[in-house]
Amino acid sequence: MSEFINLVQTVLTPDNLKFLGEGLILSIKFSIIVIFGSLALGIILALTRNYAPKPLKLLSVCYVELFRNTPLLLWILFARFTLPKMFNISAFQAIVITFIFFCASGLSEIVRGGLKAIGKGQFEAAESQGFTFVQTIIYIILPQTIKLVIPQLLQTIITIFKDSSYLSTIGVVDFMYQGRRLMAHFFQADQIMFIFVYMAGIYFIINFGLSLVVRHMTSKKREAKKRMKLSRKLQTV
């Protein structure tokens, strides 16, 4: 027990915790920017595929299929070594843009699935109330769609946070990068292993916490569907 306490005191000093915390904050900040940016772009792509003229639909399909059928790491390396030189931006900004474009392809399919679940009667009802098509999409269709796909969106947030560890491969100072630098300062196997376990624990706590929220919301949706089916059966009796 005393050896473990000494290990903790040696590795998790206030300076080392601050060092790792800075990387963790950047990883979280990165994930938040990416999820909002990719969701906005994903909604535009989904709306384009569902309601735009055929040429725009085709462009949207090509975009989605291009990113869905190529590896993320390929685009990260492409962005790291081309975008900063072409547009005079930092490596971090280049990777944020890459993640947004990449993740938007998957999110567009999630949103499109939600849009399909909304009945056409919603448009007819909105039109009868004097809503334009754009107003119907913004005020009626999208709020219902987002509500339907919240569990899938949370699952995507988990994936984005885990994939943020790719940042360390190109020298962005994220949580993984800071952890690797900290490991380089220690030489004993138990100290390096402890840092590894500590980092894995942080990733697990954040992702497992989000997964619990996903499970809770999914179970609530199932219960709501069961109650609706039961109420319909009772009405027909």
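Located above this text is the structure these notes cover.
Calculation rules
- Residues numbered from 1 in each chain as written.
- Predicted model: local features only at pLDDT ≥ 70, side-chain atom pairs only at ≥ 80, totals over all residues.
- Heavy atoms only, no water.
- Salt bridge = Lys/Arg side-chain N within 4 Å of Asp/Glu carboxyl O.
- Helix = DSSP H or I, 4+ residues; strand = E, 2+ residues; numbered from the N terminus.
- Buried < 20%, exposed > 50% of the residue type's maximum accessible area, 1.4 Å probe, protein only.
- Contact = heavy atoms within 4.5 Å.
- Expected span 1.5 Å × (residues − 1).
- Bend = angle between axes of the 7 residues up to and from the residue.

On to the pattern of salt bridges. This structure, assessed with the given rule, holds three salt bridges. With a shortest N-O distance of 3.6 Å, R68 and E109 are connected by a salt bridge. You can see R68 sitting in helix α3 (residues 54-68) and its partner E109 sitting in helix α5 (residues 91-117), a full 41 residues away along the chain. You can call R68 partly exposed: its relative accessible area is 48%.

Summarising the element assignment, T98 is placed in helix α5. The class of T98 is buried, set by a relative accessible area of 8%. Discounting residues that sit within four places of it in the chain, T98 has contacts with W75, I76, A79 and L83.

In a regular helix each residue adds 1.5 Å, so 27 residues correspond to 39 Å; α5 covers 39 Å between its end C-alpha atoms and thus fits that length. By the largest-angle criterion, A104 marks the main kink of α5, which is about 30°.

If you trace the backbone, R80 turns up in helix α4 (residues 72-87). Along the backbone, R80 and D174 are 94 residues apart, and their C-alpha atoms lie at a distance of 15 Å. If we ignore the near neighbours within four places in the chain, the residues touching R80 are A91, I95 and I170.

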